[in-house]
Amino acid sequence: MTEAEFRSAFEQNKDVVYRFAWRMCGSAAVAEDIAQEVFLTLLRQPGRFDSARGALRSFLLAVARNLVLKRWRDDSRLDELEDQFATPPIDLEGRETADAVSAAVASLPPLQREVLILAQYEELSLEEIARTVDAEVGTVKSRLHRARENLRQVLAPLKSRNVGRSISHGTFGRS
Amino acid sequence: MEPLDDRELDKLLQQWQAPLAPPSLRAKVLPHRSHWWQWLATGTIRVPVPVGIAAVLALAAFLYFFRTTERPTAAQPAKSVSLADFQPVKQLEPRVVGRANEGN
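Residues numbered from 1 in each chain as written. Chains lettered and ligands numbered in written order. Predicted model: local features only at pLDDT ≥ 70, side-chain atom pairs only at ≥ 80, totals over all residues.

(A) How the structure looks around the interface of chain B and chain A. In this assembly, 21 residues from chain B lie in contact with 28 residues from chain A. Elements with a contribution of two residues or more to the side of chain B that touches chain A: helix 1 (6–13) and helix 2 (23–29) of chain B. Its residues assigned to classes, the side of chain B that touches chain A comprises 15 nonpolar, 3 polar and 3 charged. (Contact = placed C-beta atoms within 7 Å. Helix = DSSP H or I, 4+ residues; strand = E, 2+ residues; numbered from the N terminus. Nonpolar A, V, L, I, M, F, W, Y, C, P; charged D, E, K, R; others polar.)

Right, dumping it as structure tokens:
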């Protein structure tokens, strides 16, 4: 990969990678670190990207996703990767709608969260998401469906802009 | 409480906007571009060892033969002469020298 090709890849994908990491981690500093690592991986190991297996965007998002999971493992939050766990209560009191949505998405199990972010915000196809998260298309569909079902329940109080109450939920189902 | 329908959910989700990548990311990822003339002061050239040795030997041989076949230096040109140092003769004392047997 020439320097010009790398610069082009960076310019075209930097926002996608950063946004994904930011939404997954909820931290600007961590998102920047991850985005930096993603592009340095591409710079140092360009042979890892095979255009026959998918678009560069999917490859970069897959690298970002693996780095996010690695950070969770390093932070001993591996258990949270499981798709079934008790969600903490989401306090929507006094929150703006965007903050409430952010909290609701952050409360999803990571495997549901990542497919929801890739589908809803980055508008990847199911096939692209499947390549990115290294799963079957059917699995992705199931996780996405469960993620949206969970959000429908969690964000229901916002329907009438009645955000002045604390909501506690039980367990999300396994995808 | 009645759950949201698809349209309502999409509308809510779109209100959570993410920021663009910060400019500092570019500085961390993209290599700094320097002007070509900066290379003249800070650049380096990688030369393979055999090529370097051959170049040094060729230079040494050139210097050796150049010195041994050096031509003799040409005669130094005369210094410029200044008439300022010439003084007129104050007292002229002509002396006639004749032949020893003159007048005999």
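So that's the structure; there's more coming.
(B) Structural context of the confidence of the model for chain A. When pLDDT is averaged along chain A, the result is 84; 80% of the residues meet or exceed 70. Within the model, pLDDT remains below 50 along residues 162–175 of chain A, and this stretch shows 44 contacts once partners closer than five positions in the same chain are excluded. (pLDDT = per-residue confidence, 0-100.)

(C) Up close: the environment of Val154 of chain A. The residue Val154 of chain A is located in helix 7 (residues 137–154) in this model. With 24 C-beta atoms packed within 10 Å, Val154 of chain A lands in the buried category. (Buried ≥ 20, exposed ≤ 12 C-beta atoms within 10 Å, placed from the backbone.)

(D) Spatial organisation of the nonpolar core. Residues and elements named next belong to chain A. Within the largest apolar cluster, 50 residues are counted, with the highest numbers of intra-cluster contacts made by Val17, Ala21, Ala35, Val38, Ala64 and Leu155. Per-element tally for this core: the top contributor is helix 1 (residues 3–25), with 9 residues. Residue assignment places this core across two domains, with domain 1 (1–79) and domain 2 (82–175) each supplying three or more. (Core = buried A, V, L, I, M, F, W, Y, C linked by C-beta atoms within 7 Å. Domains from an automatic or database assignment.)

(E) Examining helix 5 (residues 110–121) of chain A more closely. A rise of 1.5 Å per residue sets the reference length of helix 5 of chain A, with its 12 residues, at 16 Å; its end C-alpha atoms lie 15 Å apart and thus fit the reference within 8%. Buried within helix 5 of chain A are the following residues: Leu111, Gln112, Glu114, Val115, Leu116, Ile117, Leu118, Ala119 and Gln120 of chain A. The inward-facing, buried residues of helix 5 of chain A contact helix 1, helix 3 (56–74), helix 4 (97–106), helix 6 (126–133) and helix 7 of chain A together with helix 1 of chain B. Looking one or two residues beyond helix 5 of chain A, the residue adopting positive phi is Glu123 of chain A, at roughly 55°. (Expected span 1.5 Å × (residues − 1).)

(F) Representation of unusual backbone geometry in the model. Residues and elements named next belong to chain A. Unusually for a residue other than glycine, Glu123 sits at a positive phi of about 55°. Position of Glu123 among the secondary structure elements: in the loop between helix 5 and helix 6. On the basis of neighbour count, Glu123 is assigned to the exposed category, with 8 C-beta atoms found within 10 Å. Even without being glycine, Asp134 reaches a positive phi, approximately 55°. For Asp134, the position within the fold is in the loop between helix 6 and helix 7. Taking the number of C-beta atoms within 10 Å as the measure of exposure, Asp134 has 10 and is therefore exposed.

(G) Here's a closer look at the confidence of the model for chain B. All names here are of chain B. Looking at chain B, the pLDDT average stands at 81 and 82% of residues meet or exceed 70. Looking at the elements of chain B, mean pLDDT is at its lowest for helix 3 (residues 36–42), recorded as 79, and at its highest for helix 4 (residues 49–68), recorded as 92. If you check the scores for this complex, the pTM reads 0.67 and the ipTM reads 0.78.

(H) How the structure looks around the packing of helix 1 of chain A against helix 3 of chain A. All names here are of chain A. The N-to-C vectors of helix 1 and helix 3 enclose an angle of 35°; their axes lie 10 Å apart at closest approach. Both helix 1 and helix 3 take part in a crossing whose hand is right-handed. Listed contacts from helix 3 to Ala9, Asn13, Val16, Val17, Phe20, Ala21, Met24 and Cys25 of helix 1 are Leu56, Arg57, Leu60, Leu61, Ala64 and Val68. Residues of the contact of helix 1 with helix 3, tallied by class, amount to 12 nonpolar, 1 polar and 1 charged. (Axes fitted to C-alpha atoms, helices over the stretch in contact; angles between N-to-C directions. Left-handed = near helix turned anticlockwise from the far one by under 90°.)

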